[in-house]
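# Analysis of the macromolecular model
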Amino acid sequence: MKQNEVRDINLAPLGRQKIEWVRNNMPLLNGLEEQFKKEKPFDGVKISLSVHLEAKTAYLCEVLAAGGAEMSVTGSNVLSTQDEIAAALAVTGMKVYAYHGATAEEYNRHIEMALEHGPNIVIDDGSDLINMLHNKRTDLLKDVWGGCEETTTGVIRLKAMEKDGALKVPMVAVNDAKCKHMFDNRYGTGQSVWDSIMRNTNLIIAGKEVVVGGYGWCSKGIAMRAKALGARVIVTEVDAVSAVEAVMDGFEVMTMEKAAPRGDIFVSATGCNQVITVKYMLNMKDRAILANAGHFNVEIDMEELERKAVAKKETRPNIMGYWLENGKCVNVIAEGRLVNIAAADGHPAEIMDMSFAVQCLSAMYILENRGKLENKVIDVSNEIDNLVAERKLAAWGIQIDKLTSQQEKYLSSWNL
Ligand code: NAI
């Protein structure tokens, strides 16, 4: 079995520089690294990880390795792996199988190579690794104590597996922890999506009409930050309650059909497919910009666009212009893959510090409860959420009030 499969091992110094940068901005992981170095909780434990392979993820791998884990690492999207980061991990001797721009076949091969490790714990982002484990590598299931899932779409897939009785390992829904989705999905995606759109287009957001597909945790953040940048924001939704929330937050809400001719920039983050189809694109302004922040590249119907476009040409690095039958062009960033990670550096380090602290503590939970957990999707405990929040506040030097015994008594009594 190969020790690694990366694009160019000589890129390691650049990758190391980026990892050191995030290390200096992730105090929660710094604390866990120190704790793990002393206690070695994962001594001899094999972990296979499939998460967008950029600097913060590399640091997570190093923190787990500091705790004694034997890591085998791959990415979770064909465009989100940063080759310098993969190289920097590989030179440490860690097993790394990933490169930017892998074909679908190479991507799947890399996941299988990461699984060959024979993991006790799996850490997944989008459930592709879990899928391979349950469909192709069932021989490895016997050694797996459990796993952690990073994102909304992955949790949805796991719940569907659980419902069908197909899930064969306990999986912690890291995404559903408060200290994950309330901050990562909202503020992380909110900032990094606009960072990516701005750096890739070099256009101004102020004064533009921005159409956001969805008003969930990610799309709320995207809409909020677009407004702060001076855009006029339109939201599309399928859920009535979320639509009401968007209206009360001050956004225009309408169907995609109505929004299509209005928008200058479209961003979807729904976890659903066919949110932006060619039918809508034909009614858009010439040279409208399309981006997706949802996990899979199905929100903008790229398959249909590739089929129906009469011509296509790269209009800027990371942007493909597609010309439609009516002569108009739409500009799609990063092949319709999650724009903030496939064409930028992903979430800010301080955000991933919280998400990955939840990952580390959830991996510890699986370790400590191995053999006792049901093959279900498991919630992250309140203890873990509170611990992460308390450490985050401590890192900022912020103190909060504590309930007095009289207040605790008052809050727990009914006969006031
Ligand atoms: P969520 O469940 O909080 O929100 C999704 C929203 O989209 C819901 O309000 C739903 O009603 C709406 N929706 C569903 N289908 C729709 C349609 N056809 N048209 C309009 N609205 C529709 O989910 P969350 O956490 O916001 O995640 C969304 C996606 O983003 C998932 O695929 C998730 O895995 C991914 N994600 C991406 C991140 C990134 O860095 N780019 C970070 C975290 C999650």
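Residues numbered from 1 in each chain as written. Predicted model: local features only at pLDDT ≥ 70, side-chain atom pairs only at ≥ 80, totals over all residues. Heavy atoms only, no water.

## Some thoughts on the site of the ligand
- Inspection of the region around the ligand gives 28 residues, with Thr151, Thr152, Thr153, Glu237 and Asn340 positioned closest.
- Interatomic distance of 3.0 Å between a backbone N/O atom of Trp217 and an oxygen atom of the ligand.
- A distance of 2.8 Å is found between an oxygen atom of the ligand and a side-chain nitrogen or oxygen belonging to Asn340.
- For the ligand, whose accessible area on its own is 860 Å², the fraction buried by protein is 85%. (Near = heavy atom within 4 Å. Polar contact = N/O pair within 3.5 Å; in protein donor to acceptor, adjacent residues only side chain to side chain. Areas by Shrake-Rupley, 256 points an atom, 1.4 Å probe, with all protein chains shown as cover.)

## Observations regarding the sheet that holds strand S5 (residues 121-124)
- Strand order in this open sheet of 8 strands is S1-S4-S3-S2-S5-S6-S7-S16, and the pairing throughout is parallel. Single-partner strands in this sheet number two, and they are strand S1 (4-5) and strand S16 (377-378). (Pairing = 2+ DSSP bridges. Helix = DSSP H or I, 4+ residues; strand = E, 2+ residues; numbered from the N terminus.)

## A word on the packing of aromatic side chains
- The final tally for this structure, using the stated rule, is 3 aromatic pairs.
- On the basis of an interplanar angle of 85° and a centroid distance of 5.4 Å, the ring pair of Phe36 and Phe42 is categorised as edge-to-face.
- One cation-aromatic arrangement involves Arg370 over Trp145; the distance from NZ or CZ to the ring centre is 4.8 Å. (Phe/Tyr/Trp six-rings, centres within 6.5 Å; stacked < 30°, edge-to-face > 60°. Lys NZ or Arg CZ within 6 Å of the ring centre and 35° of its normal.)

## Here we look at a nonpolar patch on the surface
- On the surface, Leu403, Tyr410, Leu411 and Leu416 cluster together to form a nonpolar patch covering roughly 490 Å² of accessible area.
- Considering the arrangement of structural elements, one finds Leu403 in the loop between helix H16 (382-396) and helix H17 (405-412).
- On the basis of relative accessible area, Leu403 is assigned to the partly exposed category, the value being 48%. (Patch = residues over 30% accessible without salt bridge, like charges linked within 9 Å, V, L, I, M, F, W, Y side chains within 5 Å. Salt bridge = Lys/Arg side-chain N within 4 Å of Asp/Glu carboxyl O. Buried < 20%, exposed > 50% of the residue type's maximum accessible area, 1.4 Å probe, protein only.)

## Things to note about the domain arrangement of the chain
- Domain boundaries in the chain define domain 1 (4-180 + 347-396) and domain 2 (187-342).
- The C-alpha-based centres of domain 1 and domain 2 are spaced at 29 Å.
- Between domain 1 and domain 2, the residue contacts involve 16 residues of the former and 15 residues of the latter.
- Taken together, the two surfaces of domain 1 and domain 2 that pack against each other cover about 1200 Å², and 66% of this comes from carbon and sulfur.
- Of all residues in domain 1, Leu79, Thr153 and His347 bury the most surface against domain 2, accounting for 40% of the area lost on that side.
- If you look at where domain 1 meets domain 2, you find 3 residue pairs in polar contact (both at pLDDT 80 or more).
- Of the residues belonging to the side of domain 1 that touches domain 2, the class tally is 4 nonpolar, 9 polar and 3 charged. (Domains from an automatic or database assignment. Contact = heavy atoms within 4.5 Å. Buried area = accessible area lost by both parts, 1.4 Å probe. Nonpolar A, V, L, I, M, F, W, Y, C, P; charged D, E, K, R; others polar.)

## Some words on the pattern of salt bridges
- For the coordinates displayed, the defined rule picks out 34 salt bridges.
- Two residues, Glu54 and Lys56, come together in a salt bridge whose shortest N-O distance is 2.9 Å. Per residue, the accessibility class of Glu54 equals that of Lys56, and both read buried.
- We note a salt bridge from Arg199 to Asp195, for which the minimum N-O separation is 2.9 Å. Of this pair, Arg199 and Asp195 both sit in helix H8 (residues 178-201), 4 residues apart, which is roughly one turn of that helix.
- Via salt bridges that share partners, Arg16, Glu20, Arg23, Glu33 and Glu62 belong to a single interconnected network.

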